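# Architecture and fold: a report
Single-letter residue listing:
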Amino acid sequence: MGMTAILASILDGVLIGAVYGLAAMGLTLIWGVMNVINLAHGAMIVFGMFGLYFLASALGLPAYSAVPISIVSGFACGVVLYWLAVHRIIGRPVLMSLLATFAVNMVLVGIGTALWTTSPFNVSVTLPGITWGDYTFTGTHIMAAVLAGVIAGLLYLFLHHTRVGKAIRAVASNREAAELSGIPTTQILSMAFGLGVALAAVSGTLIATMFPFTVLSGDAYQLKSFVVTVLGGLGNPAGALLGGIALGLVEGLTTPFMPVSWTPIIEFGLFVLCLMTFPRGIFALSKG
Amino acid sequence: MKFARTWFGLVLGAAFAAGATPALAADDTITIGFTASQTGKLNNDSTAQMRGFELWRDEVNATGGLKVGGKQYQIKFVSYDDESQNTRVQQLYTRIIVQDKAQFLFSPYSSGLVATAAIVSEQYGRVMITTGGAEEKPYRLGNKYLFQLYSPADQYLAGALQALKATNPKAKIAFVYEDDPFSKAVAQAVRRQATKEGVALSLDESYSGSTTDFGPIINKIIADKADALFGGGHYADGATLARQLHDQKAGVKWVTLLVAPDSPNFATLGDAARGISVPSQWEPQVSFRPDFGPTAAEFTKRFTDKYKIAPGYHAAGGYAAGLILQHAIEQAGSIEPAKVAEALNKTDVTTMFGRTKFATDPKEHGLQIGHEMVLAQWQMKGGKLVKEVIWPKAAKTAEIAY
Amino acid sequence: MWRRPFPWLVVAVALGVALVPYWTDDVELREGLVLAAVYVILASNLNLMIGYAGYVNFGNIVFFGLGGYVGVYLVSEWHWPLLPAAIAGGLAVSAVALLFGLGILRLRGAFFALATIGINEAVRQLVTNFEPWGGATGIYLSFDAYAPLGGPMQALWLAYFLIVAVMALSLLASYAIRNSKFGLGLLAIGQNEDAAATLGVPTPLFKALVYSASAMLPAVAGAIYFFKLGIIEPTGAFNLGLSIEAIVMVMLGGQGTVIGPALGAFLYEELRGALLTTEAFSHFQLVIAGALLLLIVLFVPGGLMGFVRRRWPRLRWWLE
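Cut-offs applied
Residues numbered from 1 in each chain as written. Chains lettered and ligands numbered in written order. Predicted model: local features only at pLDDT ≥ 70, side-chain atom pairs only at ≥ 80, totals over all residues. Heavy atoms only, no water. Core = buried A, V, L, I, M, F, W, Y, C linked by side-chain atoms within 4.5 Å. Buried < 20%, exposed > 50% of the residue type's maximum accessible area, 1.4 Å probe, protein only. Helix = DSSP H or I, 4+ residues; strand = E, 2+ residues; numbered from the N terminus. Domains from an automatic or database assignment. Contact = heavy atoms within 4.5 Å. Expected span 1.5 Å × (residues − 1). Pairing = 2+ DSSP bridges. Axes fitted to C-alpha atoms, helices over the stretch in contact; angles between N-to-C directions. Salt bridge = Lys/Arg side-chain N within 4 Å of Asp/Glu carboxyl O. Nonpolar A, V, L, I, M, F, W, Y, C, P; charged D, E, K, R; others polar.

## Regarding the nonpolar core
- Counting 353 residues, the largest nonpolar core has A:Met34, B:Phe106, B:Phe266 and B:Met352 as the members making the most contacts within it.
- If you tally residues by element for this core, the top one is helix α1 (residues 3-34) of chain A, at 17 residues.
- Structurally, this core is a two-domain feature, drawing no fewer than three residues from each of domain 1 (2-151 + 284-364) and domain 2 (154-280 + 374-395) of chain B.
- Discounting residues that sit within four places of it in the chain, A:Met34 has contacts with A:Tyr82, A:Val86, A:Ile90, A:Leu189, A:Ala192 and A:Phe193.

Right, here's the structure in full:
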């Protein structure tokens, strides 16, 4: 394949990778702060997708206005979920959190299927893209990548320059010490969980601007989020963004050179390899 | 000793025979059993199919029931959720046959589940009409009571290939399909046919079902400078492929995707849907003249009135399965499975679904050999996106838009 | 081991489970029980990793699927009889598990769990691309594969007896391990791996052994199960959902005990089966199952056995 083709694939990979990164940020944040692996992560992504659908198609609002709405409603949902399912699990073995969140996932997907069946939904969002020779970079992809970057940046500012954000990082690093220094850790944990879910929801909204989706679409992105979390390092949102881009690059780079059916094998092979050699993540920057 | 043994054997035999005869339910009903995918990824298409079954049942019951040998039987359904997985299919079909005493069976939706269910239906000698399964493998396993309604997978893209050849014989075809049993079966057939017709497949690759972004694949297609694209898989990928092809301005002049574009939902893709063609088991516009039962137009109207949504071919297949079974039972004049199977083997009729005839060679018993696929294309008509039938020439309602 | 009542209990129950449906010719009961037995096999072998050694094997289903593929392939292409094919599957997959183990058993906690998911997915994708095993289509068993066993009816009964036997073996093995020095070492690892290592437990060896051991019987069961199903294809063979359900079963019944996972598996299977076949619930069976699981995890984490043993300590003699 020609150079242009390969470059195009690389750029495409980076664009979609930013979104993968955003999708994983919520997972890694929750994991890092409270040692809970949120298996309902995929369901929350779907929540964001349907959010876009209802706001844009049913209510006719401009598509990107759904982004802030997703963040806020995702946060609210996350806090509720925390109190319903996660609160009692904190501090217990990892298995418990896996199962509790998995149960929540079952319930949500079950309700979703009953309400909306597993039919596909599509929201038509058109933005002018950038064309370069034969290749076009879709407007929505570029927008999604840019927004992902912006949100990641905002997250960083939040975690480092606001009181709540710093409290979250304190709790993540040492809960007891944080409690002793007067931080209401339980409330902070619930907010951190809310934040993680908000991130999942908004990534779902962005994904829905690019692709059609079904009630079950969350699973594929959840798996990818695991891979990204491992690549980027646990509890490290910035790492997640980089990890996501790395994953996108892998997808973009393998396709020109080998049958496309090998891409997942490479992805998961890399995943396992990464776990074995860099358990703290390739981009093992210091936490936060 | 021998005397006692013979007696014992006779008594056992009688008891067995009495137990083995399909119990004629007290109130003259015929029970038909099946599993439907009420949860899981096959949910959407399976529900459409089930509605087709139900419409048929309601219509027959409204006229008093099935007429068999002088008596009339009401039709009763018994169905369970198979969760789109074959884990419980055997358990559920066994229950349907043994506990619910179903005399006839419809298949689950999708070929993988059909094969698993067939082991049970064959054991008990129950006739099973399969719809929603286009793969041939289940019929090559040595069955006697399986009957396929759909055109098999290897027919799927046959028409599309011919239509393309008629429009642009020198077209370069890229073939990108999902890594799943159905799409693979279609793929193998396409390759065979392409070689036979001397058409070149410039790209021939499968993608994993969990693929979320087709960007890289589309870039590959663009680099390949393909004129035509065949492929896809089940719904979600087809829709995503179509949308991304459009967004990335891939410039492919002929696009035929499997399954996805057939659903009316596909129109929500807007401009991305234009020009996309899909091989279909049936379209509401087809003009077959049925030997019995309603015409396609009548069926469409009845279905739309009842369910407020236009029927696709899954629903039509469900309805036709009922029709064909009804016809066979009435022809056989009996509800004995063996006699009905014989009647089905002799069946060669046309309904609103098209022509139905089953292969009787034991090596591929039940394979559908009479039905032809049509090719439909989304075109702009009066400012709205509609599906038109563009192939075969005998059934078409509009010209090919290339 | 045979001096205590539990192993005899296992054998008695297994015989009962095997023979009751056969004598009453209740095929429907058999179908429900075969599924329950498969779940018990998965859960009790998984328990070796989760309950004893404290390692959460999230992708445990990969053994079941691979065993299924090896077994079905041998029956279908090389015309092996069922039992040797199943055993070959078990041995082959144990060996492969040893290989995987070498790679991932150094990981702890959640990382190990994720790695096992990765392995399951990678294997699934590999098999999907592996043509000799049918690729994405999988392998369909033609009906005359059942002929050497006397036809599908007989074959399904035989498969059932074999699965019940494997289930009994799983429970007995689980029990034997628990009461051996190997088992003690595993439990020590589960409590505190570093302390165990300091005290002289050969932790890498034990971990590798238990990982490999926990693979064998599920692989054998997989071969028999997919033979009965008549078809094996990647999505059904490496079903991550089933893998997670196995963990649920272990938890439901009480991890770390021998009978806990078995009870949990049985209860879970009955519950799901009942939900699926009851008119009222079928639309919501997923929701109800999920809600129940949540309640159990939140409020009864010791599972059924945890509850029973606290309430009636005398029963500990009987119920291991």
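## Let's talk about helix α2 (residues 43-62) of chain B
- With 20 residues, α2(B) extends 28 Å from end C-alpha to end C-alpha; this agrees with the ideal 28 Å at 1.5 Å per step.
- Positive backbone phi, approximately 105 degrees, marks B:Gly64, located one or two places after α2(B).

## Some details on the sheet that holds strand β11 (residues 276-280) of chain B
All names here are of chain B.
- With mixed pairing, the seven strands of this open sheet are ordered in space as β8-β7-β9-β10-β11-β14-β15. Edge positions in the sheet fall to β8 (201-207) and β15 (384-391), since each of these pairs with one other strand and no more. Neighbouring strand axes in the sheet, compared pairwise and without regard to direction, differ in orientation by 25 degrees on average.
- Bridge analysis of strand β10 (residues 254-257) against β11 gives two bridges, and the strand direction is parallel. In the sheet register, Thr256 faces β11, and the bridge partner there is Ser277.

## Observations concerning the interface of chain B and chain C
- Each partner contributes to the interface: chain B provides 36 residues, whereas chain C provides 38 residues.
- Where chain B touches chain C, the interface holds three salt bridges.
- Residue B:Lys184 pairs with C:Glu131 through a salt bridge whose shortest N-O separation is 3.4 Å.
- Every element with two or more residues in the side of chain B that touches chain C is listed here: β3 (71-81), α3 (89-98), α4 (111-123) and α6 (181-197) of chain B.
- Of the residues forming the side of chain B that touches chain C, the biggest block, eight residues, is contributed by α4(B).
- Residues belonging to the side of chain B that touches chain C are distributed by class as follows: nine nonpolar, 17 polar and ten charged.

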